[in-house]
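The primary structure of each chain is shown beneath.
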Amino acid sequence: MASSSKLLKLALPFVRTHGFSREALCALQAHSEPLSDTAVSSLFGEGDNARRTLVNAWLAEGVRHMQTAEEMSSPPPQLREAFGLLATPSSGFHVIAPFPALKHAGRIADEACYAIGDNSLHLSWYSKRASISLVSPNTAYTFLDTLLETSQTVSKSLDEVSLFSDYVFKGWKGIIKSSGIQL
(Lines give C-alpha, C1' and ligand atoms only; values in the text may rest on other atoms or scores of the structure.)
Protein backbone atom coordinates (compact mmCIF):
# COMPACT_ATOMS: atom_id res chain seq x y z
CA MET A 1 0.00 0.00 0.00
CA ALA A 2 1.34 3.44 -0.89
CA SER A 3 2.07 5.84 1.95
CA SER A 4 0.09 9.06 2.27
CA SER A 5 3.16 11.13 1.29
CA LYS A 6 3.48 9.16 -1.97
CA LEU A 7 -0.23 9.62 -2.62
CA LEU A 8 0.11 13.36 -1.97
CA LYS A 9 2.91 13.53 -4.53
CA LEU A 10 0.67 11.74 -7.03
CA ALA A 11 -2.12 14.25 -6.32
CA LEU A 12 -0.02 17.37 -7.05
CA PRO A 13 -0.56 17.31 -10.84
CA PHE A 14 -4.34 17.33 -10.23
CA VAL A 15 -4.10 20.71 -8.44
CA ARG A 16 -3.96 22.43 -11.84
CA THR A 17 -7.30 20.98 -12.91
CA HIS A 18 -9.11 20.39 -9.60
CA GLY A 19 -7.57 23.09 -7.36
CA PHE A 20 -6.97 22.32 -3.72
CA SER A 21 -10.01 20.14 -3.40
CA ARG A 22 -10.80 16.76 -2.00
CA GLU A 23 -11.54 15.81 -5.62
CA ALA A 24 -7.85 16.32 -6.44
CA LEU A 25 -7.02 13.82 -3.71
CA CYS A 26 -9.78 11.43 -4.86
CA ALA A 27 -8.64 11.62 -8.50
CA LEU A 28 -5.49 9.68 -7.73
CA GLN A 29 -5.05 6.77 -10.05
CA ALA A 30 -2.89 4.79 -7.60
CA HIS A 31 -5.36 1.96 -8.15
CA SER A 32 -7.81 1.25 -10.95
CA GLU A 33 -10.45 3.55 -9.42
CA PRO A 34 -10.32 6.89 -7.56
CA LEU A 35 -9.99 6.93 -3.78
CA SER A 36 -13.21 7.08 -1.80
CA ASP A 37 -14.00 10.11 0.33
CA THR A 38 -13.62 7.90 3.42
CA ALA A 39 -10.12 6.89 2.33
CA VAL A 40 -9.17 10.54 1.70
CA SER A 41 -10.43 11.46 5.18
CA SER A 42 -8.50 8.68 6.88
CA LEU A 43 -5.29 9.40 4.96
CA PHE A 44 -5.28 13.19 4.90
CA GLY A 45 -7.80 14.43 7.48
CA GLU A 46 -11.45 15.39 7.71
CA GLY A 47 -12.97 18.27 5.72
CA ASP A 48 -10.65 21.17 4.98
CA ASN A 49 -7.77 19.48 6.82
CA ALA A 50 -7.31 17.20 3.80
CA ARG A 51 -7.15 20.28 1.56
CA ARG A 52 -4.63 21.93 3.92
CA THR A 53 -2.48 18.79 3.75
CA LEU A 54 -2.55 19.06 -0.05
CA VAL A 55 -1.65 22.77 0.08
CA ASN A 56 1.31 22.12 2.39
CA ALA A 57 2.57 19.32 0.13
CA TRP A 58 2.21 21.64 -2.90
CA LEU A 59 4.17 24.42 -1.13
CA ALA A 60 6.87 21.96 -0.08
CA GLU A 61 7.16 20.73 -3.67
CA GLY A 62 7.57 24.34 -4.81
CA VAL A 63 10.46 24.80 -2.38
CA ARG A 64 12.04 21.59 -3.70
CA HIS A 65 11.78 23.00 -7.25
CA MET A 66 13.45 26.17 -6.05
CA GLN A 67 16.27 24.22 -4.38
CA THR A 68 16.99 22.37 -7.63
CA ALA A 69 16.99 25.67 -9.55
CA GLU A 70 14.12 24.75 -11.84
CA GLU A 71 12.93 27.97 -13.47
CA MET A 72 9.31 28.98 -13.16
CA SER A 73 8.00 31.65 -15.53
CA SER A 74 5.60 33.18 -13.01
CA PRO A 75 4.08 32.37 -9.63
CA PRO A 76 1.46 29.65 -10.09
CA PRO A 77 -2.15 30.88 -10.10
CA GLN A 78 -3.01 28.45 -7.30
CA LEU A 79 -0.84 30.38 -4.83
CA ARG A 80 -3.67 32.79 -3.94
CA GLU A 81 -6.07 29.90 -3.33
CA ALA A 82 -3.46 28.08 -1.23
CA PHE A 83 -2.87 31.04 1.06
CA GLY A 84 -6.60 31.70 1.26
CA LEU A 85 -7.20 28.18 2.49
CA LEU A 86 -4.31 28.28 4.96
CA ALA A 87 -5.33 31.71 6.27
CA THR A 88 -8.82 30.60 7.32
CA PRO A 89 -9.00 28.62 10.56
CA SER A 90 -10.37 25.10 10.50
CA SER A 91 -12.77 25.81 13.37
CA GLY A 92 -14.06 28.66 15.49
CA PHE A 93 -14.23 32.24 14.27
CA HIS A 94 -13.34 32.91 10.66
CA VAL A 95 -10.61 35.48 11.13
CA ILE A 96 -8.01 35.81 8.39
CA ALA A 97 -4.52 34.95 9.66
CA PRO A 98 -1.60 36.22 7.54
CA PHE A 99 0.94 33.99 9.29
CA PRO A 100 0.93 31.07 6.80
CA ALA A 101 1.72 33.42 3.90
CA LEU A 102 4.38 35.22 5.94
CA LYS A 103 5.89 31.92 7.05
CA HIS A 104 6.05 30.72 3.44
CA ALA A 105 7.57 34.01 2.23
CA GLY A 106 10.19 33.77 4.98
CA ARG A 107 11.00 30.20 4.02
CA ILE A 108 11.41 31.16 0.36
CA ALA A 109 13.61 34.12 1.32
CA ASP A 110 15.80 31.90 3.49
CA GLU A 111 16.13 29.31 0.69
CA ALA A 112 17.09 32.06 -1.79
CA CYS A 113 19.79 33.39 0.53
CA TYR A 114 21.09 29.87 1.05
CA ALA A 115 21.12 29.30 -2.73
CA ILE A 116 23.37 32.30 -3.35
CA GLY A 117 25.67 31.43 -0.44
CA ASP A 118 24.69 34.34 1.82
CA ASN A 119 26.74 34.34 5.02
CA SER A 120 25.19 37.39 6.68
CA LEU A 121 25.06 37.64 10.44
CA HIS A 122 22.97 39.54 12.99
CA LEU A 123 20.86 42.44 11.70
CA SER A 124 22.06 41.97 8.12
CA TRP A 125 20.74 38.38 8.13
CA TYR A 126 17.25 39.55 9.12
CA SER A 127 17.22 42.61 6.86
CA LYS A 128 18.12 40.57 3.77
CA ARG A 129 15.44 38.01 4.40
CA ALA A 130 12.82 40.64 5.24
CA SER A 131 13.55 42.61 2.08
CA ILE A 132 13.43 39.44 -0.04
CA SER A 133 10.13 38.38 1.54
CA LEU A 134 8.52 41.57 0.28
CA VAL A 135 9.57 40.98 -3.35
CA SER A 136 7.40 39.03 -5.82
CA PRO A 137 9.66 37.74 -8.60
CA ASN A 138 8.64 36.83 -12.15
CA THR A 139 11.50 34.38 -12.70
CA ALA A 140 14.13 32.68 -10.59
CA TYR A 141 16.94 34.62 -12.25
CA THR A 142 15.17 37.95 -11.83
CA PHE A 143 14.52 36.99 -8.25
CA LEU A 144 18.19 36.35 -7.51
CA ASP A 145 19.24 39.57 -9.28
CA THR A 146 16.66 41.48 -7.27
CA LEU A 147 17.90 39.72 -4.14
CA LEU A 148 21.45 40.93 -4.70
CA GLU A 149 20.42 44.49 -5.55
CA THR A 150 18.00 44.75 -2.63
CA SER A 151 20.41 43.28 -0.11
CA GLN A 152 23.13 45.69 -1.19
CA THR A 153 20.74 48.65 -0.91
CA VAL A 154 19.48 47.54 2.51
CA SER A 155 23.03 46.95 3.72
CA LYS A 156 24.12 50.42 2.56
CA SER A 157 21.08 52.01 4.21
CA LEU A 158 21.78 50.24 7.50
CA ASP A 159 25.41 51.42 7.39
CA GLU A 160 24.25 55.00 6.83
CA VAL A 161 21.74 54.78 9.70
CA SER A 162 24.46 53.40 11.95
CA LEU A 163 26.83 56.24 11.00
CA PHE A 164 24.11 58.85 11.54
CA SER A 165 23.22 57.32 14.94
CA ASP A 166 26.88 57.48 15.92
CA TYR A 167 27.01 61.21 15.04
CA VAL A 168 23.82 61.91 16.99
CA PHE A 169 25.14 60.01 20.03
CA LYS A 170 28.46 61.86 19.93
CA GLY A 171 26.60 65.17 19.55
CA TRP A 172 24.45 64.53 22.60
CA LYS A 173 27.48 63.32 24.53
CA GLY A 174 29.28 66.61 23.68
CA ILE A 175 26.26 68.70 24.69
CA ILE A 176 25.92 66.91 28.02
CA LYS A 177 29.67 67.14 28.67
CA SER A 178 29.78 70.88 27.90
CA SER A 179 26.86 71.49 30.27
CA GLY A 180 28.89 70.04 33.14
CA ILE A 181 26.77 66.95 33.75
CA GLN A 182 28.90 63.88 34.58
CA LEU A 183 28.12 60.69 32.70
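These figures come from a predicted structure and were not determined experimentally. (Residues numbered from 1 in each chain as written. Predicted model: local features only at pLDDT ≥ 70, side-chain atom pairs only at ≥ 80, totals over all residues. Heavy atoms only, no water.)

> Which parts of the structure should I look at to understand the packing of helix H1 (residues 4-11) against helix H5 (residues 48-67)?
Each packed pair of helices is defined by two parameters, the angle between the axes and the distance between the axes. Where H1 contacts H5, the two axes come as close as 10 Å, and the packing angle between them is 75°. Judged by the angle between their axes, H1 and H5 are roughly perpendicular. Residues Leu8, Lys9 and Ala11 of H1 form the contact with H5, whose own contacting residues are Thr53, Leu54, Ala57, Glu61 and Arg64. Looking at the contact of H1 with H5 residue by residue, the class counts come to four nonpolar, one polar and three charged. (Axes fitted to C-alpha atoms, helices over the stretch in contact; angles between N-to-C directions. Helix = DSSP H or I, 4+ residues; strand = E, 2+ residues; numbered from the N terminus. Parallel < 35°, antiparallel > 145°, perpendicular 65-115°, else oblique. Contact = heavy atoms within 4.5 Å. Nonpolar A, V, L, I, M, F, W, Y, C, P; charged D, E, K, R; others polar.)

> Sorry if this is basic, but what is going on with H5 here?
Turn by turn, an α-helix covers 3.6 residues, leaving residues three or four places apart pointing in a common direction. With 20 residues, H5 extends 29 Å from end C-alpha to end C-alpha; this agrees with the ideal 28 Å at 1.5 Å per step. When we look at burial in H5, the residues that qualify are Ala50, Arg52, Leu54, Val55, Ala57, Trp58, Leu59, Ala60, Glu61 and Val63. (Expected span 1.5 Å × (residues − 1). Buried < 20%, exposed > 50% of the residue type's maximum accessible area, 1.4 Å probe, protein only.)

> How do you make sense of a nonpolar patch on the surface when you look at a structure like this?
Taken together, the side chains of Phe164, Val168, Trp172 and Ile175 define a hydrophobic patch exposed on the protein surface, amounting to about 450 Å² of accessible area. Its location among the elements puts Val168 in helix H9 (residues 140-178). (Patch = residues over 30% accessible without salt bridge, like charges linked within 9 Å, V, L, I, M, F, W, Y side chains within 5 Å. Areas by Shrake-Rupley, 256 points an atom, 1.4 Å probe, with all protein chains shown as cover. Salt bridge = Lys/Arg side-chain N within 4 Å of Asp/Glu carboxyl O.)

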